[in-house]
There are 2 protein chains.
Amino acid sequence: MAITLKEVAERAGVSRSAVSRTFTDGASVSEKMRRKVEKAARDLGYSPNALASSLTTGRTKLVGLISNNFHNPIFLEVFDLFTRGLQDRGLRPLLVNLTDETDPQASVRMLRQYSVDGAVVASSTLPPGFSKAFRDAGVPVVHSFGRYSSAPQVHVVGIDNVECGRMAARTLVARGYRKIAFLGGPEGATSTQDRYSGFFSELGAHRDVKTSYSFADAYSFDAGRREMLRLLKSDPAEAYFCGDDVLSIGVLSAIADSGLRVPEDIGIIGLNDMEMARWENINLTTIHQPIRQIVTSSIELMVAMLDEPDRYPEARIFPCSIVERGTLRSLS
Amino acid sequence: MAITLKEVAERAGVSRSAVSRTFTDGASVSEKMRRKVEKAARDLGYSPNALASSLTTGRTKLVGLISNNFHNPIFLEVFDLFTRGLQDRGLRPLLVNLTDETDPQASVRMLRQYSVDGAVVASSTLPPGFSKAFRDAGVPVVHSFGRYSSAPQVHVVGIDNVECGRMAARTLVARGYRKIAFLGGPEGATSTQDRYSGFFSELGAHRDVKTSYSFADAYSFDAGRREMLRLLKSDPAEAYFCGDDVLSIGVLSAIADSGLRVPEDIGIIGLNDMEMARWENINLTTIHQPIRQIVTSSIELMVAMLDEPDRYPEARIFPCSIVERGTLRSLS
DNA sequence: GTTAATTTTGCAACCGGTTGCAAAAGACGG
DNA sequence: CCGTCTTTTGCAACCGGTTGCAAAATTAAC
């Protein structure tokens, strides 16, 4: 159906190699030849078949974009940034939705069938072992929003969730809260575990602070609301560090329904600083996660790995910062 | 790097064709041969190269998933549904972000280079001409959330936006509002235009209703809030039909800030019924758009077209319905 | 046990490109 | 104008598969 190299060659009256070379930059073609070929190509509406060429060059410019976070609005921004960033570099994202698939091998096999040049795992909940499966299969991989490890097996770009936990704890203590709780996201998520451990390691130094914790079963409004409604039934804490902004918003809604006020009766601090957090009717105090930088850096790392597949694995950690809005009582 | 057909053939001591046939269903292979080949393949960790086979079969199982809506949370759900639905049918979504690209030809060329089997345009703002460019290039295309036309040039799956406009108008009139406004999304979007025309065609029959209209410059919280703050300065209407839920939420926030109450002072009706609309702290009355059905139907249509590329174009229109929540005064 | 009908297998050409190599063409110097 | 060096071009093999066709192997029928 589509026009092939051969047809262009025939029309231009040159060899197939000549046509191939005009469309390969860096190849040796005279100006005269190039013009002749380009004319023929234009007349015929030819455009080279990227897949066929990948067969010999070994590069498809396809990059697997793998995620299981299709319910958290911040991931729409993540996808936006990734797709645009990859496109700008001539790479094509092959999107893989892991929602109902947890076996890394299946994804690895699939992406190898399509000869992707690399894979980006964009998820804060998948375990490090998942991305390792790609590396073991010889597929360059970057785990964005993944767990930081001091001896990373694969490239990781993200934040230090342990430090975020500490930061939240310090902030709450500084505001004078003395009965503090951790309301985490899914218990199995690495991000939840790390924030938990940072949070409580910091609070360990404060013997006068009463602590408690629980987990929501998803990073979602409903999960947050449900869990908070449960907590409100019996002796709630003075302030909660929530696993995520969207969870926090559910929590806020539960509190509002119960007739209590934020921040007067209960303080809330979230994490992510998603767009909604600054909506005037939410106005959530939260910890900012530098999504844009994480994505940009992930793409740069991916691009670097295409030229240097055995690059020594590194972890790139970006600092987070508190964004003060209206859901914690003020310092003074 | 990866294991090839030839290596498996050598190890199994059979011809390359034999190996190829064991991995092609419907091909003639004896049980004995199949076992021999499968053993060799397993030992070597072979998996066939989908791209190489596409060269001869003419099918890549790649489907372009094209959108420019990377800021509206409902599209995260749309992407979720599309990726899972396509995956379930063995198709692979190649994601194309059109945010900073408006020339259809560039996308068409790119997707042809990757020999996609088809393309899904998922956007309520792209003009019909955009998807037509794919059809003209011989790429099977479905425009999801696209403009309905009685003589569609390409397959369209979506809702009747004109009827939605009418529905909103009827609802507002029935609630006794007599000073009614249209607060649309981007003026250039086909969905905005259609809702506008339906809305005012219905109101044309009511001479006693005062009308007005304006447009937000994006389907976003900020745009809605900004526009509403402007409108509130001078003689606002009694009720607004907003182009979209996320716009409505921005509008609600502006109204709350101004000290007015919803629905007592101003009524709001949105469109989409996104997840957030039913959050207890938002509780938006809106028009439900059956996203799940639209996506499922789009995928079915896409799959059908793979077998029958010249299928006669059809429009599949799904009915919308009003979801009554708390932002319009009650009927009584 | 033969022979015919059927199934399985391998050969070789092909899909749409790329690329090493050697021949052809141009550029340069004298 | 000739010889040499450099650039451009075409040939042919290859990338990793598929497939029509005919030969080989089975199976069925007698």
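**Describing the relation of the copies chain B and chain A**
Step number 1: Its rotation angle being 180 degrees, the transformation that places chain B on chain A also includes 0.0 Å of axial translation and leaves an RMSD of 0.0 Å. The transformation just described matches what one would write down for a two-fold rotation axis. Across chain B, the rotation axis passes nearest the C-alpha of leucine 94 of chain B, at a separation of 2.3 Å.
Step number 2: Mapped onto chain A, 100% of the interface residues of chain B are again interface residues, and the two copies thus contact each other with one and the same surface.

**Some thoughts on the protein's contact with DNA strand C**
Step number 1: Close contacts around DNA strand C come from 26 residues, with Leu5, Arg16 and Ser20 of chain A together with Arg21 and Ser30 of chain B the closest.
Step number 2: When atoms of DNA strand C within 4 Å of the protein are sorted by moiety, sugar and phosphate together comprise 59%.
Step number 3: With respect to DNA strand C, the side chain of arginine 16 of chain A contributes an N or O atom lying 2.7 Å from a base nitrogen.
Step number 4: Side-chain polar atom of serine 17 of chain B to a base nitrogen of DNA strand C: 3.0 Å apart, as the coordinates give it.
Step number 5: Going through the elements one at a time, α2 (16-22) and α4 (50-57) of chain A together with α2 (16-22) and α4 (50-57) of chain B are the ones with two or more residues in the surface near DNA strand C.
Step number 6: The residue makeup of the surface near DNA strand C, split by class, is ten nonpolar, 13 polar and three charged.

**A word on the protein's contact with DNA strand D**
Step number 1: Taken together, 26 residues lie around DNA strand D, and Arg21 and Ser30 of chain A together with Leu5, Arg16 and Ser20 of chain B are the ones closest in.
Step number 2: With respect to DNA strand D, the backbone of leucine 5 of chain B contributes an N or O atom lying 2.7 Å from a phosphate oxygen.
Step number 3: Contact distances for DNA strand D include 2.7 Å between a base nitrogen and a side-chain N or O atom of arginine 16 of chain B.
Step number 4: When residues of the surface near DNA strand D are traced back to their parent elements, those giving at least two are α2 and α4 of chain A together with α2 and α4 of chain B.
Step number 5: Looking at which element gives the most residues to the surface near DNA strand D, the answer is α4 of chain B, with five residues.
Step number 6: For the surface near DNA strand D, the class distribution of residues is ten nonpolar, 13 polar and three charged.

**Some words on the pattern of salt bridges**
Residue and element names in this part refer to chain B.
Step number 1: According to the stated counting rule, one finds 50 salt bridges over all chains in the structure shown.
Step number 2: For aspartate 217, the salt bridge identified is with arginine 226, shortest N-O distance 3.5 Å.
Step number 3: For aspartate 273, the salt bridge goes to arginine 325, with nearest N and O atoms at 3.0 Å. In this pair, aspartate 273 sits in the loop between β9 (267-272) and β10 (286-288) while arginine 325 sits in the segment after β12 (321-323), placing the two residues 52 residues apart along the sequence.
Step number 4: With relative accessibility at 19%, the residue aspartate 273 sits in the buried group.
Step number 5: For arginine 325, a relative accessible area of 21% puts it in the partly exposed group.

**Quick notes on the sheet that holds strand β7 (residues 210-215) of chain A**
Residues and elements named next belong to chain A.
Step number 1: The six strands lie next to each other as β7-β6-β8-β9-β10-β12, forming an open sheet whose pairing is mixed. One side of each edge strand has no neighbouring strand; the edge strands of this open sheet are β7 and β12 (321-323). Sheet twist, expressed as the mean angle between neighbouring strand axes with direction ignored, is 25 degrees.
Step number 2: Set on the sheet, helix α8 (residues 161-174) makes contact with β6 (179-184), β8 (239-242), β9 (267-272), β10 (286-288) and β12; between it and β8 the angle comes to about 165 degrees.
Step number 3: Sheet contacts for helix α9 (residues 190-203): β6, β7, β8 and β9; angle to β6, the most-contacted strand, approximately 170 degrees.

**Some remarks on the nonpolar core**
Step number 1: Formed by 148 residues in total, the largest nonpolar core has its most connected members in Phe199, Met228 and Tyr240 of chain A together with Phe199, Met228 and Tyr240 of chain B.
Step number 2: The residues touching methionine 228 of chain B, leaving out its near neighbours within four places in the chain, are Leu183, Tyr240, Val251, Ala254, Ile255 and Ile266 of chain B.
Step number 3: Counting residues in hydrophobic clusters, the runner-up holds 44 residues, among them Val108 and Val154 of chain A together with Leu98 and Leu126 of chain B.

Rules and cut-offs
- Residues numbered from 1 in each chain as written.
- Chains lettered and ligands numbered in written order.
- Predicted model: local features only at pLDDT ≥ 70, side-chain atom pairs only at ≥ 80, totals over all residues.
- Heavy atoms only, no water.
- Least-squares fit on C-alpha atoms with pLDDT ≥ 70 in both.
- Contact = heavy atoms within 4.5 Å.
- Near = heavy atom within 4 Å.
- Polar contact = N/O pair within 3.5 Å; in protein donor to acceptor, adjacent residues only side chain to side chain.
- Helix = DSSP H or I, 4+ residues; strand = E, 2+ residues; numbered from the N terminus.
- Nonpolar A, V, L, I, M, F, W, Y, C, P; charged D, E, K, R; others polar.
- Salt bridge = Lys/Arg side-chain N within 4 Å of Asp/Glu carboxyl O.
- Buried < 20%, exposed > 50% of the residue type's maximum accessible area, 1.4 Å probe, protein only.
- Pairing = 2+ DSSP bridges.
- Axes fitted to C-alpha atoms, helices over the stretch in contact; angles between N-to-C directions.
- Core = buried A, V, L, I, M, F, W, Y, C linked by side-chain atoms within 4.5 Å.

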